[in-house]
Amino acid sequence: MRKKIVAGNWKMHKNAEQTEDLLNELIAKLPTETNAHVMVAPTFVNLASAVDHLEFTNIEVAAQNLHAAEGGAFTGEISADMLKSVGVTNVILGHSERRAMFHETDAVIAAKVDTALRHEMTVLFCFGEELKDRQTGNHFNIVENQLRDGLFHIEAKNWDKIVLAYEPVWAIGTGETASPDQAQEMHQFIRETVRKSFGNDIADNVSILYGGSVKPDNAVEIFSKPDVDGGLIGGAALKADDFVAIVNSI
Ligand code: PEP
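As the structure is a computational prediction, the values presented were derived from the model and not from experiment. (Residues numbered from 1 in each chain as written. Predicted model: local features only at pLDDT ≥ 70, side-chain atom pairs only at ≥ 80, totals over all residues. Heavy atoms only, no water.)

Asks: Tell me about the overall build of the protein chain, and please be specific about residues and values.
Replies: Each helix and strand counted, the protein chain has 11 helices and 8 strands in total. Taken against the 2.2 N^0.38 rule, which gives 18 Å for 250 residues, the C-alpha radius of gyration of the protein chain at 17 Å falls within 12% of a compact globule. Residues counted as buried form 51% of the 250 residues belonging to the protein chain. By sequence separation, contacts in the protein chain at least 24 residues apart represent 72% of the contacts at least 6 residues apart. For the protein chain, the separation between the mean place of its 22 positive charges and that of its 36 negative charges on side chains is 3 Å. (Helix = DSSP H or I, 4+ residues; strand = E, 2+ residues; numbered from the N terminus. Rg over C-alpha atoms; globule rule 2.2 N^0.38 Å. Buried < 20%, exposed > 50% of the residue type's maximum accessible area, 1.4 Å probe, protein only. Contact = heavy atoms within 4.5 Å. Lys, Arg positive; Asp, Glu negative; His and termini not counted. Charge placed at Lys NZ, Arg CZ, Asp CG, Glu CD.)

Right, here's the structure in full:
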């Protein structure tokens with residue numbers, strides 16, 4: 001079922017106390033009935049407490065990453081089993097910061113996707129072109145290749161565990177947003193690309209989120225586009241009032 005989703009990526013922000021404060025504010029301010037599924041992705045060390053804190057709410061918790069291996073000598077890494085053991089069933093993979101700063105290739109991301117699916121986790125699969133790709137008119141090719149090389153190896157039956165998050169790198173944390181028409185154009189292209197390889201049912205049911213400087217004042221217009229099913233929110237997810245306003249824009 002195609003769902004509306006608003007997910008907050010907290011990145012490397014908020015210590016334990018700040019995490020609790022922000023969660024308390026969200027619980028107090030988010031309406032109990034929303035049109036969107038709401039997720040938050042605190043940093044690893046605060047995931048267990050976030051799961052506990054949100055137990056009786058409709059806010060879900062996501063991790064920001066995992067390692068593809070089941071376990072072993074990987075200092076500093078976190079496995080899918082560890083995440084599941086504290087109740088985390090959603091994971092963001094392929095974020096542009098992981099691709100750019102931590103050198104994650106499509107092949108690395110594809111292996112992480114496989115691991116997450118093996119553990120029956122929902123994957124928020126991030127992808128998107130850089131500014132130079134858009135300036136040279138190569139953005140559709142880049143996006144199609146990221147999908148094909150990082151995701152399209154999965155079996156059709158696993159698509160109900162996939163949420164796509166189109167995040168043009170030039171719009172992340174820059175204050176520069178893709179226009180609603182640019183977002184719609186790319187989301188439609190993404191849905192048609194999925195359709196060509198996996199058919200109507202999967203293409204029509206997959207949720208495609210937009211990410212890149214979504215704020216309370218541009219969310220309504222972006223979310224009103226027919227192929228935009230919600231947002232992955234960075235900076236604005238760190239302030240309860242802004243995040244709640246974005247959720248309420250759906
Ligand atoms: C992100 O990092 O996923 C993101 C969308 O960030 P921002 O909203 O700050 O652009």
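Asks: Describe the site of the ligand, with residues and values.
Replies: Every one of the 14 residues lining the ligand counts as a neighbour, but Lys-11, His-95, Glu-167, Gly-173 and Ser-213 are closest to it. Computed on the free molecule, the ligand has an accessible area of 290 Å², of which 97% lies beneath the protein chains in the complex. When the residues that make up the shell around the ligand are grouped by side-chain class, the tally is 4 nonpolar, 8 polar and 2 charged. (Near = heavy atom within 4 Å. Areas by Shrake-Rupley, 256 points an atom, 1.4 Å probe, with all protein chains shown as cover. Nonpolar A, V, L, I, M, F, W, Y, C, P; charged D, E, K, R; others polar.)

Asks: Before we move on, could you go through the environment of Asn-145 and cite the residues and values that matter?
Replies: Within the element layout of this structure, Asn-145 appears in helix H7 (residues 139-150). In this structure Asn-145 comes out as partly exposed when scored by relative accessible area, which is 41%. Linking Asn-145 and Phe-127, residues 18 residues apart in sequence, is a C-alpha distance of 9.8 Å. Setting aside its immediate chain neighbours within four residues, Asn-145 contacts Asp-106 and Gly-150.

Asks: Account for the pattern of salt bridges, with residues named and values stated.
Replies: Here the structure, examined in full by the defined rule, presents 19 salt bridges. Of the charged contacts, one joins Glu-97 and Lys-11 as a salt bridge, the two residues approaching to 2.8 Å between their closest N and O atoms. Here the residue Glu-97 occupies a position in helix H4 (residues 96-101), and Lys-11 occupies one in the loop between strand E1 (5-9) and helix H1 (16-29), the gap between them amounting to 86 residues. Classification of Lys-11 as buried rests on a relative accessible area of 17%. Residue Arg-98 pairs with Glu-104 through a salt bridge whose shortest N-O separation is 3.0 Å. With a relative accessible area of 7%, Glu-104 lands in the buried category. Through salt bridges with shared partners, a single ionic network connects Arg-2, Arg-191, Asp-227 and Asp-229. (Salt bridge = Lys/Arg side-chain N within 4 Å of Asp/Glu carboxyl O.)

Asks: Hey, could you go over the pairing of strand E3 (residues 59-63) for me, with residue numbers and the actual values?
Replies: For E3, the tally of buried residues reaches 4 of 5 residues, placing the bulk of the element in the interior. When strand E2 (residues 37-41) meets E3, the two strands line up parallel, connected through 3 bridges. If you follow Val-38 over to E3, its bridge partner there is Ile-59. Bridging between E3 and strand E4 (residues 90-93) involves 2 bridges; their strand directions are parallel. Considered in E4, the bridge of Ala-62 is made with Asn-90. Considered for its hand, the β-α-β crossover made up of E3, helix H3 (residues 80-85) and E4 is right-handed. (Pairing = 2+ DSSP bridges. Right-handed = clockwise from strand over helix to strand, strands pointing away.)

Asks: Break down the sheet that holds E3 for me, with residues and values.
Replies: Strand order in the closed barrel formed by 8 strands is E1-E2-E3-E4-E5-E6-E7-E8, with parallel pairing between adjacent strands. In this sheet, adjacent strand axes meet at a mean angle of 25° when their direction is disregarded. Of the strands in this sheet, strand E5 (122-127) and strand E6 (162-166) are in contact with H7, which crosses E5 at around 145°. (Axes fitted to C-alpha atoms, helices over the stretch in contact; angles between N-to-C directions.)

Asks: Can you break down the nonpolar core residue by residue, with the values?
Replies: Of all hydrophobic cores here, the largest spans 66 residues; its most connected members are Leu-26, Leu-151, Trp-159 and Leu-164. If we ignore the near neighbours within four places in the chain, the residues touching Leu-26 are Trp-10, Val-40, Ile-59, Ala-240, Phe-243 and Val-244. Formed by 12 residues, the second largest nonpolar core is a distinct cluster that contains Cys-126, Val-163, Leu-209 and Leu-232. (Core = buried A, V, L, I, M, F, W, Y, C linked by side-chain atoms within 4.5 Å.)

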